[in-house]
Amino acid sequence: MIQKIKGFKDILPEDIGIWQKVESVAKSIFENFGFSEIRLPVIERSELFKKSIGENTDIVEKEMYTFADRKGELITLRPEATASVVRSYIQNKMYAKEPERKLYTIGPMFRRERPQKGRYRQFYQINAEVFGIKSPLIDAQILLMLTTLFEKLEVLDTVTHLNSLGCPKCRPDFRKALIDFFKPVLSELCKDCIRRINTNPLRVLDCKCPSCKKAVENAPIITDYLCDECETHFFSVVDTLKSQNIPFELDTKLVRGLDYYTRTTFEIQTSLPGAQSAVAGGGRYDELVKMLGGPDQPAIGFAIGFDRLVEIIAAGQKQQEPSIDIFIAALGEKSNKMAYKWICELNLSGIKAEMDFSDKSLKSQMRKAGKLNAMYVAIMGENELNNGSVVLRNMKTKNQELVLIDNFIKSVKDKKTA
Ligand code: ATP
Ligand code: MG
């Protein structure tokens, strides 16, 4: 049998519900904030990514799927979306008609990394990008939009890390300070960091190696090196977030893995065990449009790791959400008829009610109720029919109550709306 490629995955019908829900919630929130959808090719010329993401980044150095097509042109399966959105903004001269654009796109990305939970070779991102707005208010608004999405999806166990990476005016000073700081302690760094100390010293700050983590503890702090404009911008973002009660933590070690970021940079991290911690990341990239041959227009955006977000939501659902409202276990012909009438009536009024249709024993009906993860179970037998009342059992709290048969439908409906 021919198997799928390592690090790639099928999203099966039983799992698609969360993907569809996230997508529709994201679209509706983004559109409320003035964003329009854009759909882009998944393959671009390799140089687009080399030039934008940066030659000395993990993505370009070791993760891209690049190959020569039949005519020998080097093309790459996109490892991220921002470069393509910028290319499209420039190529379609969107700036000429209206430089201020808010765009979002959802789709697959490709990176040849070591596959593990939360890390795939084809994964999905939800991207949002804003062009043409310099004001720090838009930085705050983007974070408000992102936070709102996470709240709506009930993904609450997250922390937003925030930093500023300065601009081409002030970042070189910080770079130099970093190199000067690390040079005397170079031997304490990992091989990768020793190699990148001259090409991309900022990456040392977010290296995951324990020795590097220790070595950076007392390293210079970027926010001490910001020029006046960058500092004013950053503190204005911070003040706006505070005034809107948007939670965040300052994280002066946050640098992120792509070269094009300037000023505001952020990452949303989760503490869910076993998951890769970053579930979304983004920031300003004020130089990129110009760098790729477009006009001098500022920009800011973010990418949500769709797969990781879905995994967090799915883990939460397994713990708490029942999949049906009530299971009616019925014994004997009369009870079965009664149960059938009840489940139909409940189904028609929007309540997920199930029963067993094949005369199984009480034990195996209870097993079925467990499998369906029923919130309530009612047992209907000869005795119940004679007494005119049934036991309604809450499977989570184990509370039981006796309800009159004549009142059964109403009691279940009341529970559902309570
Ligand atoms: P990481 O540090 O986990 O490698 P990253 O900094 O490379 O993340 P970004 O380029 O910022 O990631 O991409 C934005 C988001 O896309 C990440 O926060 C993450 O949720 C998701 N993501 C990145 N790489 C993968 C992958 N290989 N598989 C699944 N999701 C990914
Ligand atoms: Mg990565």
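For clarity, every value in this text was computed on a predicted model and none was experimentally measured.

Parameters and conventions
Residues numbered from 1 in each chain as written. Chains lettered and ligands numbered in written order. Predicted model: local features only at pLDDT ≥ 70, side-chain atom pairs only at ≥ 80, totals over all residues. Heavy atoms only, no water. Domains from an automatic or database assignment. Helix = DSSP H or I, 4+ residues; strand = E, 2+ residues; numbered from the N terminus. Buried < 20%, exposed > 50% of the residue type's maximum accessible area, 1.4 Å probe, protein only. Contact = heavy atoms within 4.5 Å. Pairing = 2+ DSSP bridges. Axes fitted to C-alpha atoms, helices over the stretch in contact; angles between N-to-C directions. Polar contact = N/O pair within 3.5 Å; in protein donor to acceptor, adjacent residues only side chain to side chain.

Engineer: Lay out the domain arrangement of the protein with the relevant residues and their values.
Structural biologist: Partitioning the protein into domains gives domain 1 (16-170 + 226-315) and domain 2 (324-417). Between the C-alpha centres of domain 1 and domain 2 there is a distance of 49 Å.

Engineer: Hey, could you go over the environment of E55 for me, with residue numbers and the actual values?
Structural biologist: Tracing the backbone through its elements, the reader meets E55 in the loop between α2 (46-53) and α3 (58-63). Note on E55: relative accessible area 48%, which makes it partly exposed. Sequence separation of E55 and T223 is 168 residues, and the distance between their C-alpha atoms is 25 Å. Look past the residues within four positions of E55 in its chain and what remains in contact with it is K50, V60 and E61.

Engineer: So what about the sheet that holds strand β2 (residues 43-45)? Which residues, and what values?
Structural biologist: Across the sheet, 3 strands lie side by side as β2-β4-β3; this open sheet has antiparallel pairing. Because the sheet does not close on itself, it has two edges, and the strands there are β2 and β3 (65-68). In this sheet, neighbouring strand axes are inclined to one another by 35° on average, regardless of whether the strands run parallel or antiparallel. Here 3 bridges tie β2 to strand β4 (residues 74-77), and the two strands are oriented antiparallel to one another. Along β4, the bridge assignment pairs E44 with T76. Sheet strands touched by α2: β2, β3 and β4. Its angle to β2, the strand with the most contacts, is close to 75°.

Engineer: Can you tell me about the environment of N347, naming the residues and giving the values?
Structural biologist: Locating N347 in the fold gives a position in helix α13 (residues 333-348). Residue classification places N347 among the partly exposed residues on the basis of a relative accessible area of 37%. Setting aside chain neighbours within four positions, we find N347 in contact with K352 and A353. Looking at N347, its side chain comes within polar contact range of the main-chain oxygen of I351, at 3.1 Å. A distance of 3.2 Å separates a polar atom in the side chain of N347 from the backbone oxygen of A353.

Engineer: Hey, could you go over the sheet that holds strand β14 (residues 374-380) for me, with residue numbers and the actual values?
Structural biologist: If you trace the 5 strands from one edge of the open sheet to the other, you get β13-β12-β14-β15-β16, paired in mixed fashion. What marks the edges here is a single partner per strand, and that holds for β13 (353-355) and β16 (400-404). This sheet shows a mean twist of 25° between the axes of neighbouring strands, independent of strand direction. As defined by bridge partners, β14 adjoins strand β15 (residues 389-394) across 4 bridges and the pair is classed as antiparallel. Opposite A378, over in β15, you have L392 as the bridge partner. Packed on one face of the sheet, α13 meets β12 (324-330), β13 and β14 and runs near 155° to β13.

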